[in-house]
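Working through the structure, step by step
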Amino acid sequence: MTAQNRDDAPRTATRRPGAVRRFLATPRFFLIVLIIALVVVIGALKPSFFNGPFVIAPLLTSISIFTVVGLSQLVVMSVGHMNLAIGPMAAFGAMFAGMSFQLFGLPLWAGVVVGLLAGAAVGALSGWIIARTGVNSFIVTLAMSFALIGLVPTVYSWLTTGSAFTVKPDGLDVIGRASFATLCLGNVCGTNAIPIIVVPTIVTMAILGYLFTRTRIGRELLMTGSNVQAAELSGIPTSRRIILVHTLSGVLAALAGFLLAASTGSFTPGIGGEFMLQSFVGPILGGTLLAGGYVSITGTLLGITLTLLIRKGLDLFGVGIETLNILLGVILLIALSADRFRLIRTRRTRAAAAVAPPDDTGGDPHPTGPGADKKEEVSA
Amino acid sequence: MKRWLNSFVHSQNLSLGIIVVVGVALLGVSSGGGFFDPISVTTFFTFLAVPILIGLAQMITLSVGQLNLAVGAIGGFASCFAGVIVADLGVPAWLGAIAAVLVGALAGLANGLLVVITRINGFIVTLATMTILLGLQYGLVGTRTISNSEWPSLAELGKASLLGIPVIFWIAVAVAIVLSFCFGHTVTGRRLLASGGNPVAAQLAGVSNDRSVVVAHAASGLLCGIAAFVTMASLSGVNQSVGGDWLLSSFAAPIIGGVSLTGGSVAVLGTVLAATIVRLVDSARAEFQLAPSWVNFVVGAVVLGTVALGRVREVRAARAATTPPPGGTSAGEPTEPAPLGGARILATARPGGADA
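Residues numbered from 1 in each chain as written. Chains lettered and ligands numbered in written order. Predicted model: local features only at pLDDT ≥ 70, side-chain atom pairs only at ≥ 80, totals over all residues.

Once that is clear, we can look at the overall build of chain B. The helix and strand tally for chain B stands at 15 helices and 4 strands. Out of the 356 residues in chain B, the part that is buried amounts to 61%. Residue pairs at least 24 apart in sequence account for 79% of intrachain contacts in chain B once pairs closer than 6 positions are excluded. (Helix = DSSP H or I, 4+ residues; strand = E, 2+ residues; numbered from the N terminus. Buried ≥ 20, exposed ≤ 12 C-beta atoms within 10 Å, placed from the backbone. Contact = placed C-beta atoms within 7 Å.)

Another aspect to go through is the overall build of chain A. Within chain A, the regular secondary structure consists of 16 helices and 4 strands. A total of 380 residues make up chain A; the buried ones form 50% of that total. Long-range contacts, defined as pairs at least 24 residues apart, comprise 74% of the intrachain contacts of chain A with a sequence gap of at least 6.

A separate point is the interface of chain A and chain B. The interface of chain A with chain B comprises 49 residues on the first partner and 53 residues on the second. When contributions to the side of chain A that touches chain B are tallied by element, the ones reaching two or more residues are helix 6 (108–133), helix 7 (137–159), helix 11 (228–233), helix 13 (275–285), helix 15 (321–352) and helix 16 (375–379) of chain A. With 13 residues, the single largest contributor to the side of chain A that touches chain B is helix 7 of chain A. Partitioned by chemical class, the residues of the side of chain A that touches chain B number 27 nonpolar, 17 polar and 5 charged. (Nonpolar A, V, L, I, M, F, W, Y, C, P; charged D, E, K, R; others polar.)

Residues and elements named next belong to chain B. The geometry of helix 8 (residues 167–185) relative to helix 9 (residues 187–197) is characterised by a closest axis approach of 5 Å and an angle of 75° between their N-to-C directions. Classified by the angle between their axes, helix 8 and helix 9 sit roughly perpendicular to one another. Across the interface between the two elements, Cys-182, Phe-183 and Gly-184 of helix 8 pack against Thr-188, Gly-189 and Leu-193 of helix 9. Its residues placed into classes, the contact of helix 8 with helix 9 shows 3 nonpolar, 3 polar and no charged. (Axes fitted to C-alpha atoms, helices over the stretch in contact; angles between N-to-C directions. Parallel < 35°, antiparallel > 145°, perpendicular 65-115°, else oblique.)

This part takes up the confidence of the model for chain B. Residues and elements named next belong to chain B. The share of residues in chain B with pLDDT of 70 or more is 86%, and the mean pLDDT across the chain is 78. By mean pLDDT, the top-scoring element of chain B is helix 3 (residues 49–63) (90), and the lowest-scoring one is helix 15 (residues 339–348) (34). Below pLDDT 50 for its whole length, residues 325–356 participates in 74 contacts with residues either more than four positions away or in separate chains. Interface predicted TM-score (ipTM) for the complex: 0.71; the corresponding pTM is 0.77. (pLDDT = per-residue confidence, 0-100.)

With 26 residues, helix 5 (residues 93–118) of chain B should reach 38 Å at 1.5 Å per residue; the first-to-last C-alpha distance of 37 Å fits that figure. Trailing helix 5 of chain B by a residue or two, Arg-119 of chain B shows a phi angle of about 65°, which is positive. (Expected span 1.5 Å × (residues − 1).)

For Thr-160 of chain A, the location among the structural elements is in the loop between helix 7 and helix 8 (172–177). The exposure class assigned to Thr-160 of chain A is partly exposed, which follows from the 19 C-beta atoms found within 10 Å.

And the structure:
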């Protein structure tokens, strides 16, 4: 489930190096190898790792939640933007969901809809400001996160006594905490190692995969990401696409916030506090380009899985959380440097084969600030 | 054109200055004069030093078109590192202070080298080093707080005042003056601005963009180190939360102060004034006993308003630049609709962007 939009796509198509060989060269393949190796190592050293309900199920729960977080970043990355406000947007959406349960007594589905709409609203607001003013998405979403970080706790302190919405409508616990063991067809029940919460995540991945690979809008988003001017000239309403991705990002952030609240059982202002780093790590490890134009949805799942697996492993070995942070930073740097070196090598071999210089979406000659890449190449 | 830009820059500083004066007056009146008594003046300036320093630290990276997400992490790590070597290893306090500054500079240098060597986007590099440093900071101090009684001489310095204003505020002012001089009158400073304004042109003119990036990150880290030292002197102790809330305010000050995000311009005075405004908002919050989260909300709204307004001005400037026969480098991209176009024109047309 990956989608790309590069100038050299037809060329690779004519050469046809074989789907398998191409897959072996992707970051996804390395991630799968790493994940399997880690599972084997952790499982061999700590057999308790394979404990279904107490280790695997919580791990899958957090993978489900953080994959949605990563996807929320992925959709804005597809047009070369970023959203620093994912955490606060998640808190904002979850706040509205919790509010509608507690204050208005809405049923589960209605509360979820309200929460997602709230996320869509703030996302659309960021997108609108970016598209309207042309200000860098980094700064707009940073300011947005300031504003929401200020707003959310204030609203909680107005409306609640303990700074949390705790009323649970029917079905909230099923989404957040139940496993497939509660679902039975006749006498055959599901396993208790897989929580129900994976379902919304899989559905989200499927929808986004469909959007980016099969629909016109998805292609337009990727085209906007790889070259705004070209997209604009080919008649794509880039401003509307930018607003669309930020809205979508808001919706996904709100969904992640809701899922997190469902899994912990209460809606608090602290939701989303650790979303920012993970939201970037997942897609980037999975091969999604920060500069836009290429996304990998399964890669995001794998990237998130790898980081959370490492975290769980460290947990099992009783290593502190600070080591996880150090490792995450180092992994991010190594993964990206490796990517750079691979890119430089392929560029050299291509130059040797006297092919026109490829559209290098990842590498700017002068590493500049966010969003400042690529354009350099276009204008230079 | 240049005159117009100069007056624009000055008018921005003027309006920021007016906001500061009005804010101070309003606070003074609403607190019934309590805002002007020596104790609250001292508090005000004591806790203004760090916002100024980190705002300037961010401004330096913005000047070359980079950004530094690790501002808070560098400062937090440097202060905790110094605290640990003073408290646990018995290193003299003054050596600890120097260590804090050096650690900051080294971390910044590492950022710069990583950006240049790996060619990864500066955003991701500093995001990664931020994570690493946060981990190291927590690893160093864990959950304990190292009290400032471990470094009495520094704590003394934090309380000392000169002309009724805390010494550590004077330190921040001195840093600002030095920085202003560097950007205005030294070759290195001008090179940074050249690289930020137009990397291609700078390269053609013989400026090493790589060097500019490394220098900017190292200087940014150095300022974070100084902020760490100031934190040690002014707070009652250091723990793992030091630096946690620096990131957002480090961007707020330069952006409100009128620094272009695309590089090529600095506004030292504007950054200092903007940091003062944010500090005033915080004081007002304390005065009216509102929740601390209000400050974030107000600052976020102000930043959004500032960037939107600044963008409108840039578009207008770009239009003004293209209607008369275009001079020099801005000729190539008059119809550029993308976010960067207008800013680039402005940045190239403003090699003298250093003010203050």
